[in-house]
Protein chains: 2
Amino acid sequence: MNTQEFYTNMKTEQDKIKENIGSIKNRVVVFSGKGGVGKTMITINIAYELAKKNSVAIIDCDITAPNIPKMLNIKGELKIKDKRILPVEHKGVRIVSSAFMAKDKDAIIWRGPLRSKLINQLLSDTNFESTEYLIADLPPGTGDEVLTITQSMKPNIALIITTPQEVSLGDAKRAISMAKSMGIKNIYLIENMSYLKCPKCGEKIDLFGEGNTKKLGEEMGIEVIGQIPLDIEIRKESDEGKVGVTEHPEKEFSREIGKIVEKINGASQ
Amino acid sequence: MNTQEFYTNMKTEQDKIKENIGSIKNRVVVFSGKGGVGKTMITINIAYELAKKNSVAIIDCDITAPNIPKMLNIKGELKIKDKRILPVEHKGVRIVSSAFMAKDKDAIIWRGPLRSKLINQLLSDTNFESTEYLIADLPPGTGDEVLTITQSMKPNIALIITTPQEVSLGDAKRAISMAKSMGIKNIYLIENMSYLKCPKCGEKIDLFGEGNTKKLGEEMGIEVIGQIPLDIEIRKESDEGKVGVTEHPEKEFSREIGKIVEKINGASQ
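I will try to describe carefully the structure that is included in this document. None of these values were measured; they are calculated from a predicted model. (Residues numbered from 1 in each chain as written. Chains lettered and ligands numbered in written order. Predicted model: local features only at pLDDT ≥ 70, side-chain atom pairs only at ≥ 80, totals over all residues. Heavy atoms only, no water.)

## Topic: the packing of aromatic side chains
Keep this limit in mind: The aromatic pairing rule takes the rings of Phe, Tyr and Trp, using the six-membered ring of Trp, and pairs them if the centres are within 6.5 Å, calling planes under 30 degrees apart stacked, those over 60 edge-to-face and the rest tilted. Throughout this description, the term charge over a ring refers to an Arg CZ or Lys NZ atom that lies within 6 Å of the ring centre and within 35 degrees of the ring normal.
Scanning the entire structure with this criterion turns up zero aromatic pairs over all chains. The ring centre of Tyr195(B) lies 4.3 Å from the NZ or CZ of Lys204(B), which sits over that ring.

In structure tokens:
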């Protein structure tokens with residue numbers, strides 16, 4: 001392939017993605033500066049809350065650690081029909097993940113450029129027909145891969161998940177800067193592990209520092225649209241593949257996710 | 001400088017380090033796979049607990065984010081006497097940190113090789129006279145810099161700090177493998193944020209999954225020498241520069257640090 005052909009191919013790839021997902025009204029990317037802030041768990045809960053009234057698809061963009069199927073405790077296989085990839089459906093949400101491709105786990109050591117290529121293929125070749133919300137769970141960090149996927153997705157909404165810990169906030173700041181530099185229209189901060197309610201006495205316990213995320217939001221001009229408690233019951237059940245907003249719609253955890261979903265709905269009008 | 005001179009210089013640097021710290025009986029490196037697990041806070045508490053009976057120095061090896069002085073809320077300046085660097089003393093512990101060098105914070109953007117060079121200089125030129133325990137708070141991760149510093153320190157004890165979260169354990173595993181590959185004699189796992197006791201009713205709350213760290217330890221053949229609770233009072237006070245083991249020697253947090261220090265003492269016999 002010569003340089004000319006390479007760029008022609010590149011263009012075709014981006015054109016195919018645009019053709020395939022351009023008509024999806026709401027394209028949401030979920031960033032986190034680093035791992036360990038609960039990004040995947042929050043992504044899943046937002047998706048299932050949105051799916052109560054909308055048609056939702058999740059694309060799991062982490063090839064190295066495709067945790068969406070793992071956290072939902074589902075196995076599946078991407079099938080091909082009429083030359084299009086069919087997502088795996090689970091309780092009304094369509095899911096695309098490289099975990100549905102790996103037959104032999106040890107065989108897959110994708111290098112960076114190949115990983116981006118695979119995500120691009122999933123974006124261009126998956127049948128997302130009539131999807132209203134496409135939610136991308138990005139790999140942690142603000143590296144090249146995250147940048148490439150975001151460029152392909154052309155999202156109108158970016159959610160940045162953080163905890164109130166200082167190290168996590170520093171990473172969130174970098175993610176906000178990245179989202180801003182890419183011209184994403186609606187950028188929101190979501191604070192996870194904001195507090196914990198004692199399962200026995202109900203005492204509200206400030207785990208990592210109250211007000212830290214709000215301060216970052218003010219500094220960066222970004223709204224904090226949710227403060228999600230660490231709910232021990234939901235955390236434990238999520239290890240078994242259960243989804244908080246489905247199992248416990250009455251809990252504070254779910255009410256906070258509900259508020260976030262309202263905000264996302266509002267932004268997409 | 002030609003290649004020959006370069007290697008001669010290298011050798012001299014390592015020789016000078018050996019000459020300077022070789023006689024310190026206990027050289028401890030503190031690893032964490034990633035940020036956010038409380039490595040610096042645990043390092044400080046172990047150092048101040050050890051300092052109750054021993055002569056202790058901390059070297060803050062994170063040039064990008066030198067958090068030791070920040071967490072102790074101290075300002076200071078490294079002075080030179082007889083061509084040696086004098087550590088800053090704080091409540092009986094000697095501290096060396098690049099934070100004591102930076103006059104103009106924004107002026108310092110050290111690149112990797114320069115950062116390693118600076119740490120090597122601190123190791124070779126600081127007056128650690130009669131120090132019994134030299135504790136290095138390494139940068140997070142298992143990158144080149146961590147490798148270089150560890151090679152220079154030739155530690156006999158490695159402490160790997162993790163939380164019971166899955167992502168954190170994966171990182172801890174990498175850190176254990178690195179420590180093993182470097183032939184460090186005593187490698188121990190320390191679990192931070194193991195649980196939380198409700199400040200109101202005393203209920204023991206399992207935050208991120210009981211038994212996870214123990215399982216990793218068994219898999220890797222590494223002993224877990226401490227399970228440290230997230231103590232909200234100590235966490236809050238540490239934001240003001242206070243040290244848990246000093247302020248609250250009676251608390252479970254401090255008792256657990258005490259057990260760790262006994263183990264370290266035993267290993268160094």
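## Some thoughts on empty space enclosed by the protein
This is how the line gets drawn: Detection works on a 1 Å grid of protein atoms alone, calling trapped sets that fit a 1.4 Å probe cavities and calling open sets with protein on both sides within 12 Å along at least five of seven lines pockets, with lining residues defined by an atom within 4 Å of a point. Grid points are joined across faces, edges and corners, and a volume is the space filled by probe spheres set on the points. Secondary structure follows DSSP: runs of H or I at least 4 residues long count as helices, runs of E at least 2 residues long count as strands, and numbering of each begins at the N terminus.
Taken as a whole and assessed by the stated rule, the structure comprises three cavities of 30 Å³ or more. If you add up the space inside the largest cavity, you get close to 200 Å³. Along the wall of the largest cavity there are 22 residues; nearest its centre are Gly35(A), Gly36(A), Gly35(B), Gly36(B) and Gln165(B). Residue assignment for the lining of the largest cavity shows that the elements contributing at least two residues are helix H6 (166-181) of chain A together with helix H6 (166-181) of chain B.

## Details of the sheet that holds strand S5 (residues 88-90) of chain B
All names here are of chain B. What counts is decided by this rule: Only strands joined by at least two bridges in the DSSP assignment are considered to pair. Angles shown run from 0 to 180 degrees and are taken between the N-to-C directions of axes, each axis being a line fitted to C-alpha atoms and, for helices, limited to the stretch in contact.
With respect to topology, eight strands assemble into an open sheet ordered S5-S6-S2-S7-S1-S8-S9-S12, the strand pairing being mixed. The open sheet terminates on both sides in strands that have one partner only, identified here as S5 and strand S12 (223-228). In this sheet, adjacent strand axes meet at a mean angle of 25° when their direction is disregarded. Strand direction decides the pairing type here: strand S9 (residues 186-192) and S12, joined by five bridges, are parallel. The residue bridging Glu-191 from the neighbouring strand is Gln-227, located in S12.

## Focus on the interface of chain A and chain B
Heads up, the rule is: Pairs of residues are marked as contacts when any of their non-hydrogen atoms sit within 4.5 Å. Take the accessible area each of two parts loses on contact, using a 1.4 Å probe, and add the two losses: that sum is the buried area. The rule for a salt bridge is simple: a side-chain nitrogen of Lys or Arg has to be within 4 Å of a carboxyl oxygen of Asp or Glu. Polar contacts here mean pairs of N or O atoms no more than 3.5 Å apart (in protein, one a potential hydrogen donor and the other a potential acceptor; neighbouring residues in sequence count only if both atoms are side-chain atoms). Any residue that is not Ala, Val, Leu, Ile, Met, Phe, Trp, Tyr, Cys, Pro, Asp, Glu, Lys or Arg is counted as polar, Gly included; the first ten are nonpolar and the last four charged.
On the chain B side, the residues contacting the 23 residues of chain A number 23 residues. Note on chain A versus chain B: buried area summed over both sides is about 1,800 Å², and carbon and sulfur give 64% of it. For the pair chain A and chain B, the number of links is three salt bridges. Note that Asp206(A) is salt-bridged to Arg235(B), the shortest N-O span being 3.7 Å. The tally of links between chain A and chain B comes to six residue pairs in polar contact (both at pLDDT 80 or more). Secondary-structure elements contributing two or more residues to the side of chain A that touches chain B are H6 and helix H8 (232-238) of chain A. The element best represented in the side of chain A that touches chain B is H8(A), accounting for three residues. Among the residues forming the side of chain A that touches chain B, the class breakdown is 11 nonpolar, four polar and eight charged.

## Regarding the pattern of salt bridges
Here is the rule we go by: Residue burial is assigned from relative accessible area. The probe radius is 1.4 Å, only protein chains are included, and a residue is buried under 20% of its type maximum, exposed over 50%, and partly exposed in between.
If you walk through the whole model with that rule in mind, you get 31 salt bridges over all chains. Note that Lys52(A) is salt-bridged to Glu49(A), the shortest N-O span being 2.9 Å. Taking relative accessible area as the criterion, Lys52(A) reaches 47% and is therefore assigned partly exposed. The exposure class of Glu49(A) is buried, given its relative accessible area of 17%. With a closest N to O distance of 3.6 Å, Glu218(B) and Lys214(B) form a salt bridge. On the criterion of helical spacing, the pair formed by Glu218(B) and Lys214(B) is a turn pair, its members being four residues apart in helix H7 (residues 212-220). With a relative accessible area of 56%, Glu218(B) lands in the exposed category. Residue Lys214(B) is classed as exposed on the basis of its relative accessible area, which comes to 52%.

## Focus on the sheet that holds strand S2 (residues 56-60) of chain A
Residues and elements named next belong to chain A. Taken in spatial order, the eight strands line up as S5-S6-S2-S7-S1-S8-S9-S12 in an open sheet, and their pairing is mixed. This sheet does not close on itself; its edge strands, each paired only once, are strand S5 (88-90) and strand S12 (223-228). With strand direction ignored, the average angle separating the axes of adjacent strands in the sheet is 25°. Strand direction decides the pairing type here: strand S1 (residues 26-32) and strand S8 (residues 157-162), joined by five bridges, are parallel. If you follow Ser-32 over to S8, its bridge partner there is Ile-161. Along the sheet, helix H5 (residues 144-153) contacts S1 and strand S7 (133-137); its crossing angle with S1, the most-contacted strand, is approximately 170°.

## Let's talk about the environment of Lys16(B)
Residue and element names in this part refer to chain B. Along the polypeptide, Lys-16 turns up in helix H1 (residues 3-21). Residue Lys-16 is classed as partly exposed on the basis of its relative accessible area of 41%. Here the alpha-carbon distance between Lys-16 and Tyr-48, two residues 32 residues apart in the chain, equals 28 Å. Once residues lying within four places of it in the same chain are set aside, the contact partners of Lys-16 are Ser-124 and Asp-125.

All we've got here are geometric facts, nothing functional implied.
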